[in-house]
Amino acid sequence: MRWLASLKHRWRALVHGTRLDEDLEREIRAHIDDEVDDLVARGVAPVEARRLALLRFGSRGQVTEECRESRGVSLVTSLSRDVAYGWRALVRQPVLLAAASVSIALGVGANLSIYAVANDLLLSVPTARAADRLVHIRTGNGSHVSYQAWELIDASRALDGVAGYQFEHTVNLRVGAESTPIFALLVTPNFFDVVGVPVALGRGFASGDLAGGRDDRPAVVSDAFWRRRMNADPDALGTGLVVNGQPYAVVGILPAGVRSVLGYGFTPDLYLPISRALLPAIDRPREAAVMLIGRLADRQSAAAGRAAMSTVVAAVGDALGDRELRVLTDFAPVGGLAQVHDFEVVGAFFVVVLAVAGLVLVIACANVSGLLLARGTARRREMALRLALGASRGRLLRQLLTEGLLVATLGTLLGLALTGLLALAASRISLPVPLPIVINPAFDLRLLAAALLLTGVSAVLAALLPALEATKPGLAAALREAPASDRRRKLTLRRLLVAGQVAMSMFLLVVTFTFLRNLERATTLDPGFAVDRVLVAQVTFVEGQQGSPEDPAVLRMLERVRRLPGVVTASASEGVPLTLYSGSWTGTGLRVGDASGLVHAEFARNRVGPGYFETLGIGLRGRDFSPADRLGAEPVAIVNETFVREYFGGQDPIGALIVEPRRDGTRTYRVIGVAATSRYRTLGEAESPAIYDPLLQNSRSPRLAHILVRTAGAPAPLLPLVRGAALAADGSAAVDVRPMADALAFAFLPSRIGAALLGVLGVLGTTLAMVGLYGVVSYAVSRRVPEIGVRIALGASRRDVLGLVLRDAARLAAWGVAVGLGLSYLAAPVLGAFLVAGLSASDPASFMWTAFLLLVVCLAAAWAPAWRAARIDPAKALRAE
């Protein structure tokens with residue numbers, strides 16, 4: 001038990017250190033008094049006896065320190081004294097403390113805010129019981145399996161449970177006399193049991209809910225839905241909802257801040273049990289219906305769960321006659337880093353933004369380092385005296401680094417407060433996206449770890465160089481008044497720091513201007529189709545009321561719309577380019593024209609009706625689809641010019657056949673036209689191949705379709721007319737009509753977010769760098785007052801002095817700009833991945849304009865101290881010398 005006694009001894013030394021010091025002092029005095037008494041008894045005079053006793057005892061301070069070190073807590077007590085001394089020293093210079101803390105707060109706050117959003121959108125763990133035991137399951141079929149496959153997999157009991165869910169689904173919520181499309185998460189009845197989603201009021205779904213086609217329909221709503229549509233009524237349980245024309249009863253309300261298993265901030269308003277009314281694919285044994293999520297059993301390792309699931313999916317694939325289902329392709333943890341790989345572009349964008357924010361922090365730390373360097377110059381005599389009195393350089397370094405850590409800690413605390421304010425603002429922002437995405441950054445252990453890391457990094461970056469500079473050997477030079485030339489030499493490190501700040505600011509401004517140009521190019525880029533005088537009506541039908549393939553309900557709406565005054569032409573389609581529903585992206589083997597073998601082709605795909613190309617102003621060679629192109633007629637298709645160039649070798653494809661192998665058999669269709677290439681998924685994409693299929697040759701009538709309308713004049717007056725005509729054809733449908741320009745807002749969102757975030761960071765970093773430049777020029781002027789006074793006394797004009805100071809600042813800025821240009825050129829390939837097609841991140845004109853702007857800003861920052869230098873009174877300057 002010796003270690004326990006040692007621990008108790010050290011704890012007592014920490015808690016009762018003052019009392020132990022008092023006891024030690026009394027013991028030392030008693031020892032010296034005993035020695036004095038002994039000498040006096042031998043006949044030595046009292047005064048001489050005390051002198052001899054003190055000589056024999058030795059240094060009281062050294063003995064005291066040795067005794068303190070024997071307690072085993074000397075490091076802690078020493079650090080506490082460093083902290084107390086450092087804090088007193090900083091408080092005596094409140095302006096320096098405030099400036100340094102605010103600089104670090106801005107840098108740390110920017111980094112923590114961006115990290116908090118990235119953490120919430122990309123790394124958040126779903127709100128679930130023991131979320132680390134949940135896994136995503138995928139098979140060779142892709143992300144979805146059939147409902148029958150889910151039933152067999154769950155019944156195998158290979159895991160503690162396997163649930164299914166479907167999120168690519170909107171339902172129509174009846175509100176008064178109209179329907180509103182909202183996103184719902186359709187889940188299997190065991191979803192809440194398997195995942196363990198908490199319910200604030202009521203319950204989740206029971207295993208028997210709708211299992212056998214029961215008529216009662218339960219619903220679980222989110223906290224936001226409860227507050228927005230049910231006025232946060234605590235008695236809301238049992239409230240009726242009309243979804244897709246069917247009655248549902250609210251049985252549960254989720255707590256606030258629930259993060260779904262989908263990640264990326266996706267927060268569904270409704271959780272509904274999968275039923276035939278909502279998902280007809282429930283009865284199709286080979287139809288992709290649900291995604292799978294499983295829970296590992298107690299004491300079941302991930303490897304054991306994967307092995308068990310591999311065996312199960314192989315057996316289920318054999319039972320359903322589905323060879324692709326037999327292969328387990330993914331068995332990954334839910335949430336965290338595992339999901340970032342599913343969305344590389346978003347993850348890469350946050351990496352770039354965090355890197356830029358890191359540069360802002362480095363600039364802020366360089367500012368603080370410059371302040372501490374100036375402070376260290378004034379403290380050189382103090383440091384030299386402490387070295388002369390026996391303090392080691394390491395001891396002084398520790399003291400100065402402790403002071404830097406105090407500044408960094410205070411700055412980080414302010415940065416956390418700033419992050420909290422920004423997080424509160426972000427949680428109240430409604431993103432202009434047609435998805436229920438909620439940004440809700442929360443303070444968690446990861447954010448705390450990031451804050452601690454930034455505190456340490458800031459302390460080292462800000463304080464290490466000033467500490468090394470302040471404790472350089474050279475007692476004689478430090479103890480005497482240093483000459484002016486020596487002071488200017490010691491300013492070199494500050495000048496290097498400022499040049500580095502300017503270089504990083506140059507890089508930040510290049511990134512900022514690049515994304516601003518990207519936004520400008522995106523907003524003026526020709527998407528390849530008409531935007532002005534075009535309306536888009538998104539129509540969501542109730543499941544089962546979308547009509548038959550021979551008579552789709554959307555065509556009945558279309559006929560009414562075409563008869564409206566002011567409508568030039570109208571068409572229908574499943575997808576609208578550059579929106580959330582832009583069609584599909586297909587990668588498959590094709591036999592094109594006279595080719596003998598298959599070629600792997602990747603292309604955009606959309607199903608469109610007659611008049612689609614005329615309505616959107618897309619050039620077409622050949623013939624358009626007609627009402628005769630329906631089921632039973634020869635399958636036909638229209639390809640775009642890029643498809644012709646890549647897969648037909650530029651030869652005329654009209655009349656040629658395309659053979660496409662599918663799971664349900666081979667499909668052969670004839671090319672009847674060639675459309676001009678346009679943008680399909682994103683504004684930044686390169687020219688992509690595309691195939692258009694006739695809307696009427698689809699074996700299923702679309703439940704979500706779009707009506708496109710070209711108007712003779714301004715489209716705004718026709719918005720209510722188009723909506724009214726559509727609802728007159730089907731009052732149960734949800735119809736959202738808006739101008740095409742508004743519908744494309746989703747396509748511009750990435751460019752706007754990038755420009756806004758990087759613009760703010762660029763301005764912030766440049767401002768900090770200019771503050772640093774202003775400080776170093778002001779400091780240089782203050783140290784050169786006698787020299788400038790002599791120059792003026794010898795005949796130098798104010799213009800000469802002004803030019804002298806500005807030239808010095810210009811040289812400093814020029815070096816920084818040159819280095820920043822090099823960094824920007826090296827980073828150009830990385831930035832190019834986020835830009836629209838045709839825009840280069842290394843445009844020389846952009847570099848030159850950015851460099852010119854930064855040089856102007858640098859000279860503006862140096863103007864005030866240069867003007868003060870030019871107005872120095874030589875008489876006063878010489879008297880001061």
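That block above? That's the structure.
Rules used in this analysis
Residues numbered from 1 in each chain as written. Predicted model: local features only at pLDDT ≥ 70, side-chain atom pairs only at ≥ 80, totals over all residues. Heavy atoms only, no water. Helix = DSSP H or I, 4+ residues; strand = E, 2+ residues; numbered from the N terminus. Buried < 20%, exposed > 50% of the residue type's maximum accessible area, 1.4 Å probe, protein only. Contact = heavy atoms within 4.5 Å. Areas by Shrake-Rupley, 256 points an atom, 1.4 Å probe, with all protein chains shown as cover. Pairing = 2+ DSSP bridges. Axes fitted to C-alpha atoms, helices over the stretch in contact; angles between N-to-C directions. Parallel < 35°, antiparallel > 145°, perpendicular 65-115°, else oblique. Left-handed = near helix turned anticlockwise from the far one by under 90°. Nonpolar A, V, L, I, M, F, W, Y, C, P; charged D, E, K, R; others polar. Phe/Tyr/Trp six-rings, centres within 6.5 Å; stacked < 30°, edge-to-face > 60°. Lys NZ or Arg CZ within 6 Å of the ring centre and 35° of its normal. Patch = residues over 30% accessible without salt bridge, like charges linked within 9 Å, V, L, I, M, F, W, Y side chains within 5 Å. Salt bridge = Lys/Arg side-chain N within 4 Å of Asp/Glu carboxyl O. Polar contact = N/O pair within 3.5 Å; in protein donor to acceptor, adjacent residues only side chain to side chain. Core = buried A, V, L, I, M, F, W, Y, C linked by side-chain atoms within 4.5 Å.

A. Focus on the overall build of the chain. Scanning the chain from terminus to terminus reveals 27 helices and 22 strands. In the chain, buried positions account for 49% of the 881 residues. Sequence separation of 24 or more characterises 80% of the internal contacts of the chain that already satisfy a separation of 6 or more. About 40,400 Å² of surface is accessible on the chain, with carbon and sulfur atoms providing 60% of the total.

B. Quick peek at the pairing of strand S9 (residues 270-273). Here S9 shows a buried face lined by Leu270 and Leu272 and a second buried face lined by Tyr271 and Pro273. Strand direction decides the pairing type here: strand S4 (residues 178-187) and S9, joined by four bridges, are parallel. Looking at S9, one finds that Ala184 is bridged to Leu270. In the sheet, strand S6 (residues 218-221) pairs with S9 via two bridges, with the strands oriented antiparallel. Across the sheet, the residue bridging to Val220 is Tyr271, located in S9.

C. Geometry of the packing of helix H13 (residues 393-427) against helix H14 (residues 445-470). Put simply, H13 and H14 touch, their axes get as near as 7 Å, and they point 140° apart. Of the possible angle classes, the one that applies to H13 and H14 is oblique. Relative to H14, the crossing made by H13 is right-handed. Between H13, through Arg393, Leu397, Leu400, Leu401, Gly404, Leu405, Ala408, Thr409, Thr412 and Leu416, and H14, the contact on the second element is made entirely by Ala451, Thr455, Ser458, Ala459, Ala463, Leu464, Ala467, Leu468 and Ala470. The residue makeup of the contact of H13 with H14, split by class, is 13 nonpolar, five polar and one charged.

D. Quick look at the packing of aromatic side chains. The final tally for this structure, using the stated rule, is 17 aromatic pairs. Cluster of aromatic residues (ring-pair linked, three or more members): Tyr165, Phe191, Phe192, Phe205 and Tyr271. For Arg681, the ring lying beneath its charged end belongs to Trp585, and the centroid distance is 3.9 Å.

E. View of a nonpolar patch on the surface. Among the surface-exposed residues, Leu401, Val460, Leu464, Leu465 and Leu468 lie close enough to one another that they form a single nonpolar patch of about 340 Å² accessible area. Here the nonpolar patch gets four residues from one element, more than from any other, and that element is H14. By the secondary structure assignment, Leu401 is in helix H13. The exposure class assigned to Leu401 is partly exposed, which follows from its relative accessible area of 30%.

F. Spatial organisation of the pattern of salt bridges. Inspection of every chain in the model, using the stated rule, returns 23 salt bridges. A salt bridge links Arg326 to Asp318; the shortest N-O distance between them is 2.6 Å. Look at Arg326 and you get partly exposed, because its relative accessible area is 35%. Here Arg621 and Asp652 are joined by a salt bridge, their closest N and O atoms 3.4 Å apart. Note that Arg621 is positioned in strand S16 (residues 620-622) and Asp652 in the loop between helix H20 (641-647) and strand S18 (657-662), a separation of 31 residues in sequence. The exposure class of Asp652 is exposed, given its relative accessible area of 52%. In this structure, a network of salt bridges that share partners links the residues Arg605, Glu660 and Asp693.

G. Layout of the packing of helix H23 (residues 745-783) against helix H25 (residues 798-832). Where H23 contacts H25, the axes come no closer than 11 Å and their chain directions differ by 140°. As judged from the angle between their axes, H23 and H25 are oblique. With respect to the hand of their crossing, H23 and H25 are arranged in right-handed fashion. Across from Leu773, Val776, Val777 and Val781 in H23, the residues of H25 making contact are Val805, Ala809 and Leu812. Here the contact of H23 with H25 is built from residues that sort into seven nonpolar, no polar and no charged.

H. Spotlight on the side chain of Ser824. The residue Ser824 is located in helix H25 in this model. Judged by relative accessible area, Ser824 falls into the buried class, the value being 2%. A polar contact of 2.8 Å, which involves the side chain of Ser824, links it to the backbone oxygen of Gly820. Leave out the neighbours within four places in its chain, and Ser824 touches Met506, Phe507, Val510 and Phe847.

I. Layout of the nonpolar core. Grouped together as the largest cluster of nonpolar side chains are 96 residues, with contacts concentrated most on Phe613, Tyr692, Met740 and Leu761. Those residues in contact with Leu761, other than ones at most four positions away along the chain, are Ala110, Ile114, Val353, Val356, Ala357, Val360 and Leu508. Listed in part, the 44 residues of the second largest apolar core include Leu173, Val243, Val290 and Val312.

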